Amino acid sequence: MDGDFRTEFVRDPVALRKHPALVLNADYRPLSYYPLSLWPWQEAVKAAWLNRVDIVAEYDTHVRSPSTTIRIPSVVVLKDYVKPQKRVAFTRFNLFLRDEFCCQYCGAKGDLTFDHVVPRASGGITSWENVVAACAPCNLRKGSKSLRRAGMNLRKPPRMPGPEELRNLGRKFPPNHLHESWVDFLYWDAELEA
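Residues numbered from 1 in each chain as written. Predicted model: local features only at pLDDT ≥ 70, side-chain atom pairs only at ≥ 80, totals over all residues. Heavy atoms only, no water.

A. Seen up close, the nonpolar core. Phe-96, Leu-97, Cys-103, Tyr-105, Leu-112, Cys-138 and Met-152 are the most contacted members of the largest nonpolar core, which has 22 residues in total. Of all elements in the fold, only helix H3 (92-98), strand E6 (131-135), helix H5 (147-150) and helix H6 (163-170) reach the threshold of two or more residues within this core. Sorting elements by how many residues they give to this core places E6 first, with five residues. (Core = buried A, V, L, I, M, F, W, Y, C linked by side-chain atoms within 4.5 Å. Buried < 20%, exposed > 50% of the residue type's maximum accessible area, 1.4 Å probe, protein only. Helix = DSSP H or I, 4+ residues; strand = E, 2+ residues; numbered from the N terminus.)

B. Molecular detail of the layout of surface pockets. Quantified by volume, the largest pocket comes out at close to 500 Å³. Lining the largest pocket are 24 residues, and of these Leu-31, Ser-32, Gln-85, Pro-163 and Arg-167 sit closest to its centre. Of all the secondary structure elements, the ones that give two or more residues to the lining of the largest pocket are H3 and H6. Classifying every residue of the lining of the largest pocket by side-chain character gives 14 nonpolar, four polar and six charged. (1 Å grid on protein atoms, 1.4 Å probe; cavity = no way out; pocket = protein on both sides within 12 Å on 5 of 7 lines; lining within 4 Å. Points joined across faces, edges and corners; volume = space filled by probe spheres on them. Nonpolar A, V, L, I, M, F, W, Y, C, P; charged D, E, K, R; others polar.)

C. Spatial organisation of the packing of aromatic side chains. Applying the stated criterion to the full structure yields two aromatic pairs. Here the aromatic rings of Phe-90 and Trp-128 are separated by 5.0 Å at their centres, their planes lie at 75 degrees, and the arrangement is edge-to-face. Of this pair, Phe-90 sits in the loop between strand E4 (69-78) and H3 while Trp-128 sits in the loop between strand E5 (112-116) and E6, and the two are 38 residues apart along the sequence. With 6.1 Å between their ring centres and 65 degrees between their planes, Phe-93 and Phe-101 make a pair best called edge-to-face. (Phe/Tyr/Trp six-rings, centres within 6.5 Å; stacked < 30°, edge-to-face > 60°.)

D. Examining the environment of Pro-163 more closely. Within the secondary structure layout, Pro-163 lies in helix H6. With residues near it in sequence (within four places) discarded, Pro-163 still touches Gln-85, Lys-86 and Val-88. (Contact = heavy atoms within 4.5 Å.)

Listed below in structure tokens is the structure:
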């Protein structure tokens, strides 16, 4: 028997890997904006089959089993409401999102690290109020000196963001790909311009 006989049965069609489903909470808002709450098409089909979600929009592509044909969901809504977290986790990603992915000393974007405003060598702690995003040149320039000694200023004082604030910041950074069926659900609660 050929050693690769199973691969024909389990291989995913390449085109179907490119059909993620936008996941909305029961209130029709995305579970998260950045990163955008997406499921692979297989998870969306499984959740629909198990009656855990309602399908709101679909792709033109179908998947088939021996007894069923289904269009791949592009937007699904959870049937049960998931309460958003009240506390924002202190993670590198959330810190960069709070600082809008730019250095808090010079405003540069790109390859970022983080910096303790009050250096740890001087008793500074790792917290929302003492850590900021910084580019490598600014981080090296400041080193373990105070802001005054380094002759540097912060663009804005560091503080702990609220969950709604981070959600709103995340909306400023859409993913590389937005399917047209998602747009109405991503920005329906945005304030309209007069």
